[in-house]
Amino acid sequence: MCRPFTHSLCHRSFCRFLYLCLLIVVLHYFLGVSPSYAQSTKGQAASLKYSSKKELVLEKRLADAFAQDKAELRKAVKFLRKGDLQRLEDLLRASLEKNRGHKKRKHFAGADAFALAALKEMQSNFKMAQSHYEDALSLDPENSIYLRHLGVMFSTYGKPKAAITHLEKALALLLKQYGPTHPEIVTVYNQVAQAWERAGGLQKAVNFREKALITSKNIYGDKHQKTAMAHHDFGKALEKAGELKISILQFRRALEIDVALYGERDPYVSSRYNTLSMALYQLGESKEGQALYKKALETASAQDDKNDPNAAIRYNNFALAWYKLGDANKAIVLYSRALELDLARYGETHPKVAERYNNLGRAWAKAGQFEKGIAAYKKALEIDVAAYGPQQPKAATRHGNLGTVYYQAEDYNRSLEEYTKALKIDLRIYGDMHPKVAKRYGDLGRSLFKQGTFQRAIALYEKALNIERVVYGESHPKVAERYGMLGKIWKALGNLQEAIILYDKALKIEMKVYGATHAKIARRYNDIGAILIKVGQYQKAYFLYDKALKINRHIYGLVDVNTARSYNNLALSVYHLGDAEKAISLYTEAIEIGFALYGEVHPEIARAYNNLGSALYQLNDMEQAIEFYEKALQIDLQVYGDLNPKMIIRYTNLGLAWEQLGELKRAIVYHNKALKIEISGYGQNHPKVAIRYNNIGMAWEKMGQQKEAAVLFQKAFQIFSTVLGPDHAMTRKVVSNIERLSRS
């Protein structure tokens, strides 16, 4: 059984032998030549060394185009094998024009246009390929093959509705011609499903993937590789539709079949492990997911890279496993090797190479090397724009990825620029009620939230939510994510009641989808607990934090970052309930977990020191609080440098602690350091900057420096009244400060 990615040398050799035999017979029939011609020596026009699968496809189409003229066919094949593609194109165009003018030769004219489309695809000129497919279909409107190819091109170019029309018409013709159990029917079911996915019709896509699976089983049986692929594709459709538990059953079955057929060391099998692992992580089964990523890595083999056509795929699979296991540096090495191999195979301008650059960019970003990530993503964008054009789905994807890496680098202006470009393309292609458009709105909202533009962020998240409620229904995980993010923004605006309502909506959906012991449930308990702390409902917060801790310990074990954070949260609620000693004990537990995970110099250790300092601050033990705040500061200075936004909280806490000790000048020094970073990151008109002006103003007031205090209070008022409005609690607070100064 021949299939891509097989590793067995004997198996491959036998497949190649059968294929060559068949090809020689085909050549003998169409060219009128003897087998010895097909076995001619290196350098002759009839060499059987093809540069790509696409050349074989084109040669078959040439045979159809010149079926009535063997001399022209010989000429066409000669041009193809010599690489003289311009003369081949001229030959096909001349034949097309000659046949186009004769009513009885429309069929051959269609075959000429179809061959020209294959030639343009081989040259990665997909726009011209689409034009030739359209021409072929206009010449032969009931040709199911032309309908299918044009449908796929429409799907690729972001015209999913046109794709569905053409593919469903092709499907109807094929069902009438061959019946429901022909292999081609499976292919078209999958193509229709993909078009529906791109159109946002996720349940329709599920239905067609299921039909493809049933038909594959009827044709090939339960243990065939094509059946494994059908299980995989059905699983992916279910996953996109939010049916995660059922999708995992399909991924497991695909893996079982491929392991039985090809063994553990096959590149396809490592890909199956990766897919199943990602699905398990989504469902909260992180232990099994991690084990399967490790299993994928065990399939690595020492094959000869240069002569193994699947080497780039293997390296890509192993890179993904390392990426998901958290080792971005190993992923970078492997993604780089996959890129190197595909550059050698396809050249700089091939879409496969764009995918390799894209994956490498993602790994660089995860490693914190944002400039390298941006450069790789830009390279992927450049290739895809050249191949598909600047207004196609691939270009939108690349712009979106660039937006994300700029977001990760905290360059929110550029992230907004790239997300806006992606949104404009997706709106043009899909309209205003598509999941891709919802994603773009969410991306833009996230960047605006980071910039402090809360009302615009809310408006965009609500747009995303409205689309996803229509597309997915009310009980989908994506809807829960939107509710959660809206809750976060309302929390930042100080509307805690609205925030808790939204978090509760998210929690109910996630309970239904994931069950009561999923990591997402623990996260949502933490979100709600944080608000309960703010409104003084400490016992309820303790109850939720305790449940979150139990879930995280069950999922991740004791020595895990999520468990450490749960100890931190529980400590906070315990302190507010009046048990400071227990709180300090819990914070200390979190620090010990951090030491086991990271050693003594790590951001999580800094975070734990900071929390312990805050507990001591609340106990009014300012000297010890400052000691732990300083420890946190020194770690973060080593990791991030003194102008990183993460330093703001460190400088703030030290400023407040020194203020409590009456060391106001020293406190102002720290507050000014925090202010400098906030202005750099958020701009002059952000609420965080206003809060800082207000706090520094209060310190100056305590020192009796009323003029300095008045200037800062006025700056704070201008920002709060503009951004939050005159009736917001923060605006009223700073007005109160100004009035107090005026009375003194």
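Now for a description of the structure that goes with this document. If you're wondering where the values come from, they're calculated on a predicted model, not measured in any experiment.

### Topic: the packing of helix α23 (residues 454–472) against helix α24 (residues 477–492)
Packing of α23 against α24 leaves a shortest axis separation of 9 Å and a crossing angle of 165°. Put simply, α23 runs roughly antiparallel to α24. Remark: the crossing between α23 and α24 carries left-handed chirality. Residue-level contacts link Phe 454, Ala 457, Ile 458, Tyr 461, Glu 462, Ala 464, Leu 465, Glu 468, Arg 469 and Tyr 472 of α23 to Lys 478, Val 479, Arg 482, Tyr 483, Met 485, Leu 486, Ile 489, Trp 490 and Ala 492 of α24. Considered class by class, the residues forming the contact of α23 with α24 number 14 nonpolar, no polar and five charged.

### Re the pattern of salt bridges
Applying the stated criterion across every chain, the model contains 40 salt bridges. Ionic pairing is found between Arg 337 and Glu 340, a salt bridge with its closest N-O pair at 3.0 Å. With Arg 337 and Glu 340 both in helix α17 (residues 328–346) and three residues apart, this pair spans about one turn of that helix. The buried category is assigned to Arg 337, whose relative accessible area is 19%. Given a relative accessible area of 45%, Glu 340 falls into the partly exposed group.

### A short note on the packing of α24 against helix α25 (residues 496–514)
Running from N to C, α24 and α25 cross one another at 160°; their axes reach a closest spacing of 8 Å. Between α24 and α25, the crossing angle belongs to the class labelled roughly antiparallel. Judged by the sense of rotation from one axis to the other, the crossing of α24 with α25 is left-handed. Every residue of α25 that contacts α24 at Pro 477, Val 479, Ala 480, Glu 481, Tyr 483, Gly 484, Leu 486, Gly 487, Lys 488, Trp 490 and Lys 491 is listed here: Leu 496, Glu 498, Ala 499, Leu 502, Tyr 503, Lys 505, Ala 506, Ile 509, Glu 510, Val 513 and Tyr 514. Partitioned by chemical class, the residues of the contact of α24 with α25 number 14 nonpolar, two polar and six charged.

### Some details on the side chain of Asp 560
On the secondary structure map, Asp 560 appears in the loop between α27 (538–556) and α28 (561–576). Among buried Asp, Glu, Lys and Arg side chains, Asp 560 stands out as unpaired, with Arg 565 the closest opposite charge at 8.1 Å. Not counting residues up to four positions away in its chain, the partners in contact with Asp 560 are Ile 593 and Leu 597.

### Overview of empty space enclosed by the protein
Scanning the entire structure with this criterion turns up one cavity of 30 Å³ or more. Ala 564, Arg 565, Asn 568, Ala 590, Gly 594, Glu 604, Arg 607 and Ala 608 together form the lining of the largest cavity. Looking at the lining of the largest cavity, the elements that each hand over two or more residues are α28, α29 (580–598) and α30 (603–618). Its residues assigned to classes, the lining of the largest cavity comprises three nonpolar, two polar and three charged.

### Structural notes on the packing of aromatic side chains
Applying the stated rule across the entire model yields seven aromatic pairs. For the ring pair Phe 449 and Phe 454, a centre distance of 5.6 Å and an interplane angle of 45° mean the geometry is tilted. Here Phe 449 and Phe 454 have matching classes, each one buried. Taken together, the ring pairs connect Phe 114, Tyr 133 and Tyr 146 into an aromatic cluster. Directly above the aromatic system of Phe 114 lies the positively charged group of Arg 61, at a separation of 3.7 Å from the ring centroid. Directly above the aromatic system of Phe 208 lies the positively charged group of Lys 211, at a separation of 4.9 Å from the ring centroid.

### Observations concerning the environment of Ser 277
Secondary-structure assignment places Ser 277 in helix α14 (residues 267–282). Sequence separation between Ser 277 and Ile 248 is 29 residues; the distance between their C-alpha atoms is 9.3 Å. In this structure the side chain of Ser 277 is engaged in a polar contact, spanning 2.7 Å, whose partner is the backbone oxygen of Tyr 273.

### What about a nonpolar patch on the surface?
On the surface, a nonpolar cluster with roughly 200 Å² of combined accessible area is contributed by Leu 558, Val 559 and Leu 597. Of note, Val 559 is situated in the loop between α27 and α28.

### Quick word on helix α6 (residues 106–122)
For an α-helix the count is 3.6 residues per turn, leaving residues at separations of three or four pointing the same way. Taking 1.5 Å as the rise per residue, α6 with 17 residues should run 24 Å; its terminal C-alpha atoms sit 24 Å apart, in good agreement. The buried fraction of α6 is high, at 15 of 17 residues.

Rules of the game
- Residues numbered from 1 in each chain as written.
- Predicted model: local features only at pLDDT ≥ 70, side-chain atom pairs only at ≥ 80, totals over all residues.
- Heavy atoms only, no water.
- Axes fitted to C-alpha atoms, helices over the stretch in contact; angles between N-to-C directions.
- Helix = DSSP H or I, 4+ residues; strand = E, 2+ residues; numbered from the N terminus.
- Parallel < 35°, antiparallel > 145°, perpendicular 65-115°, else oblique.
- Left-handed = near helix turned anticlockwise from the far one by under 90°.
- Contact = heavy atoms within 4.5 Å.
- Nonpolar A, V, L, I, M, F, W, Y, C, P; charged D, E, K, R; others polar.
- Salt bridge = Lys/Arg side-chain N within 4 Å of Asp/Glu carboxyl O.
- Buried < 20%, exposed > 50% of the residue type's maximum accessible area, 1.4 Å probe, protein only.
- Lys, Arg positive; Asp, Glu negative; His and termini not counted.
- 1 Å grid on protein atoms, 1.4 Å probe; cavity = no way out; pocket = protein on both sides within 12 Å on 5 of 7 lines; lining within 4 Å.
- Points joined across faces, edges and corners; volume = space filled by probe spheres on them.
- Phe/Tyr/Trp six-rings, centres within 6.5 Å; stacked < 30°, edge-to-face > 60°.
- Lys NZ or Arg CZ within 6 Å of the ring centre and 35° of its normal.
- Polar contact = N/O pair within 3.5 Å; in protein donor to acceptor, adjacent residues only side chain to side chain.
- Patch = residues over 30% accessible without salt bridge, like charges linked within 9 Å, V, L, I, M, F, W, Y side chains within 5 Å.
- Areas by Shrake-Rupley, 256 points an atom, 1.4 Å probe, with all protein chains shown as cover.
- Expected span 1.5 Å × (residues − 1).

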